[in-house]
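# Coordinate inspection notes
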Amino acid sequence: MSDTKNTKLYASPYNPKFCIRSAPAADDSDNKQRRIAGTAMLFGEKTVLFSIGDIDYCEIIDAHALDGCDMSDCVFTRNHQTDKLLARTKNNTLQLSVTEHGLDFAADIADTQDGRDTFELIKRGDIEACSFFAEIEEASYNVETHTRTILKFKRLNDVSAVTFPAYENTSIDAEMRSAYGFEEAETAAAKQKIEEAKKKILLKF
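Residues numbered from 1 in each chain as written. Predicted model: local features only at pLDDT ≥ 70, side-chain atom pairs only at ≥ 80, totals over all residues. Heavy atoms only, no water.

### Brief notes about the overall build of the protein
Along its length, the protein carries 3 helices and 12 strands. Taking all 205 residues of the protein together, 38% fall into the buried category. Sequence-distant contacts, at least 24 apart, represent 65% of the contacts inside the protein between residues at least 6 apart. Accessible surface, the protein: about 11,700 Å² in total, of which carbon and sulfur atoms supply 50%. (Helix = DSSP H or I, 4+ residues; strand = E, 2+ residues; numbered from the N terminus. Buried < 20%, exposed > 50% of the residue type's maximum accessible area, 1.4 Å probe, protein only. Contact = heavy atoms within 4.5 Å. Areas by Shrake-Rupley, 256 points an atom, 1.4 Å probe, with all protein chains shown as cover.)

### A closer look at the pairing of strand S12 (residues 147–162)
Taken across its 16 residues, S12 has 12 buried, putting it largely inside the fold. Bridge count between strand S6 (residues 55–61) and S12: 4 bridges; the pairing is parallel. Paired with Glu59 across the two strands is Arg148, which belongs to S12. With 4 bridges joining them, strand S7 (residues 75–78) and S12 adopt parallel strand pairing. (Pairing = 2+ DSSP bridges.)

### Considerations on the side chain of Ser131
Looking at the secondary structure, you find Ser131 in strand S11 (residues 129–142). Ser131 sits in the buried class, given a relative accessible area of 5%. Within the structure, the side chain of Ser131 is placed 2.6 Å from the side chain of His80, a separation counted as a polar contact. (Polar contact = N/O pair within 3.5 Å; in protein donor to acceptor, adjacent residues only side chain to side chain.)

### What to know about the packing of aromatic side chains
One pass over the full model with this rule turns up 2 aromatic pairs. Judged by centre distance (5.8 Å) and plane angle (90°), the ring pair of Phe132 and Phe153 falls under edge-to-face. Highlighted residues: Phe132 in strand S11 and Phe153 in strand S12, separated in sequence by 21 residues. (Phe/Tyr/Trp six-rings, centres within 6.5 Å; stacked < 30°, edge-to-face > 60°.)

### Description of the pattern of salt bridges
Evaluation of the coordinates by the stated rule reveals 9 salt bridges. One salt bridge in this structure joins Asp111 and Arg34, with 3.4 Å as the shortest N-O distance. Of this pair, Asp111 sits in the loop between strand S10 (102–108) and helix H1 (113–124) while Arg34 sits in the loop between strand S3 (20–23) and strand S4 (35–42); the two residues are 77 residues apart in sequence, bridging distant segments of the chain. When its relative accessible area of 18% is taken as the criterion, Arg34 is described as buried. The shortest N-O distance in the salt bridge between Asp126 and Arg124 comes to 2.7 Å. When salt bridges that share partners are traced, they join Arg34, Asp111 and Arg116 into one network. (Salt bridge = Lys/Arg side-chain N within 4 Å of Asp/Glu carboxyl O.)

### A closer look at H1
Helix length check: H1 (12 residues) gives 16 Å between terminal C-alpha atoms against 16 Å at 1.5 Å per residue, within 8%. Taken as a whole, H1 has its buried residues at Gly115, Thr118, Phe119 and Ile122. Buried residues of H1, viewed axially, fall in a sector of 100°; they line one side. The first or second residue beyond H1 is Gly125, which carries a positive phi of 95°. (Expected span 1.5 Å × (residues − 1). Arc of directions from axis to C-beta.)

### A word on the nonpolar core
Residues Phe76 and Phe153 are the most contacted members of the largest nonpolar core, which totals 30 residues. Listing elements by their share of this core, those giving two or more residues are S4, strand S8 (81–88), S10, H1, S11 and S12. (Core = buried A, V, L, I, M, F, W, Y, C linked by side-chain atoms within 4.5 Å.)

### Comments concerning the pairing of S6
Counting buried positions along S6 yields 5 of 7 residues, so the element is predominantly enclosed. Once strand S5 (residues 47–52) ends, the chain turns through 2 residues before running back antiparallel as S6, passing Gly53 with a positive phi of about 65°.

### A closer look at the environment of Leu49
Locating Leu49 in the fold gives a position in strand S5. Take Leu49: its relative accessible area is 4%, and that puts it in the buried class. Separated by 10 residues in the primary sequence, Leu49 and Glu59 place their C-alpha atoms 6.9 Å from one another.

### Some remarks on the environment of Thr145
Position of Thr145 among the secondary structure elements: in the loop between S11 and S12. In this structure, the C-alpha to C-alpha distance between Thr145 and Tyr57, residues 88 residues apart in sequence, is 8.0 Å.

### With respect to unusual backbone geometry
If you check the backbone angles, Asn79 has positive phi at about 55° while not being a glycine. Looking at the secondary structure, you find Asn79 in the loop between S7 and S8. You can call Asn79 partly exposed: its relative accessible area is 27%. Even without glycine at this site, His146 takes up a positive phi of about 55°. One can find His146 in the loop between S11 and S12.

Here you go:
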């Protein structure tokens, strides 16, 4: 098992249990208030990020991953677009709650065109998933089970209502290749090919 402690920006993968829903207004007398609530993160849930051949590459968030995490200025957005800012912890329109199960949130959506549109799409069920952006401070990787465990987040930047979940197309970016050891494996394979090519050249002389 290997450990990493370099801070990197992280976009959460799709998990069907990361749910979002409309919720009763905090003040029942204000019928215009647009409040939504949901679960943005679950602890201990193994999520398959992608598969190569018959091998599943997975990820788990440790139950203590948010201990000491800076969540003082986290925003709620649509599809992680900061120009579609809908709520924020800094002014208490976004509330975050760490439970034994994960991270819950409640947001009072801004009375803007983006806010009204987002709330209506959530209420209708067009948008029913959410994810988050965070900075990873520490993680470990189990080579035998092909599972990365996120041990500690440094900062939670964003919770977002998303139309399409991350990693749905199982694309593998540079950070994921490094985290799952693909770079080392590809380097070793490349070196082996070079050595084989050298042997073939030598055999000709």
